[in-house]
Amino acid sequence: SNCSIGYSMLGGDGDRNKCERALHDACGFIQKEVAGALRTRRSPQIRFVYDESIEGSARIAELLRQELEEQKDEPESPTDTPIEDDNQS
């Protein structure tokens, strides 16, 4: 059986490479620990997979922040102003 473990991290490509190498180097130890905890006849083959979704989420958040900043800097147009209703009680 196989077990894919997704991971992500903040940092540059150099940090990502170091993390990937450390996980690869520790894979045997981690697999042994998992096997001992599961107490099954066979333990799953562990594989670490980098999850890029965090980077995508951070990029979307940055784009939204930039858009909000641009909107704050723009002057209000007459269509942006709510119309007051004089007939309300």
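Summary of the structure given here. Keep in mind it's a predicted model, so treat the numbers as computed, not measured. (Residues numbered from 1 in each chain as written. Predicted model: local features only at pLDDT ≥ 70, side-chain atom pairs only at ≥ 80, totals over all residues. Heavy atoms only, no water.)

1. Considering the overall build of the protein chain
Moving on, step 1. Scanning the protein chain for helices and strands turns up two helices and two strands.
Moving on, step 2. The N-to-C order of helical and strand elements in the protein chain reads β-α-β-α.
Moving on, step 3. The buried share of the protein chain, reckoned over its 89 residues, is 8%.
Moving on, step 4. For the protein chain, the exposed area adds up to about 8,000 Å²; of that, 50% sits on carbon and sulfur atoms. (Helix = DSSP H or I, 4+ residues; strand = E, 2+ residues; numbered from the N terminus. Buried < 20%, exposed > 50% of the residue type's maximum accessible area, 1.4 Å probe, protein only. Areas by Shrake-Rupley, 256 points an atom, 1.4 Å probe, with all protein chains shown as cover.)

2. Concerning helix H1 (residues 13-38)
Moving on, step 1. At cysteine 27, H1 shows its maximal bend, which comes to roughly 50°.
Moving on, step 2. The set of residues buried in H1 consists of Leu23, Cys27 and Gln31.
Moving on, step 3. Taken together, the buried residues of H1 touch strand S1 (2-7) and strand S2 (45-50).
Moving on, step 4. Downstream of H1 by one or two residues, arginine 39 has phi in the positive range, about 50°. (Bend = angle between axes of the 7 residues up to and from the residue. Contact = heavy atoms within 4.5 Å.)

3. Considering the packing of aromatic side chains
Moving on, step 1. On inspection of all chains with the given rule, the structure shows one aromatic pair.
Moving on, step 2. Plain terms: the ring middles of tyrosine 7 and tyrosine 50 are 5.4 Å apart, the flat faces sit at 75° to each other, and that makes the pair edge-to-face. In this pair, tyrosine 7 is assigned in strand S1 and tyrosine 50 in strand S2, connecting sequence segments 43 residues apart. Accessibility classification places tyrosine 7 together with tyrosine 50 in one group, the buried group.
Moving on, step 3. Taking the ring centre of tyrosine 50 as reference, the NZ or CZ of arginine 16 above it sits at 3.7 Å. (Phe/Tyr/Trp six-rings, centres within 6.5 Å; stacked < 30°, edge-to-face > 60°. Lys NZ or Arg CZ within 6 Å of the ring centre and 35° of its normal.)

4. Here we look at the pattern of salt bridges
Moving on, step 1. Inspection of the entire model under this criterion finds three salt bridges.
Moving on, step 2. Among the salt bridges present, the one from arginine 21 reaches aspartate 25, with a minimum N-O distance of 3.5 Å. On the criterion of helical spacing, the pair formed by arginine 21 and aspartate 25 is a turn pair, its members being four residues apart in helix H1.
Moving on, step 3. Where glutamate 69 meets lysine 72, a salt bridge forms, and the shortest distance between an N and an O atom there is 3.5 Å. Taken together, the positions of glutamate 69 and lysine 72, both in helix H2 (residues 53-73) and three residues apart, correspond to about one turn of that helix. (Salt bridge = Lys/Arg side-chain N within 4 Å of Asp/Glu carboxyl O.)

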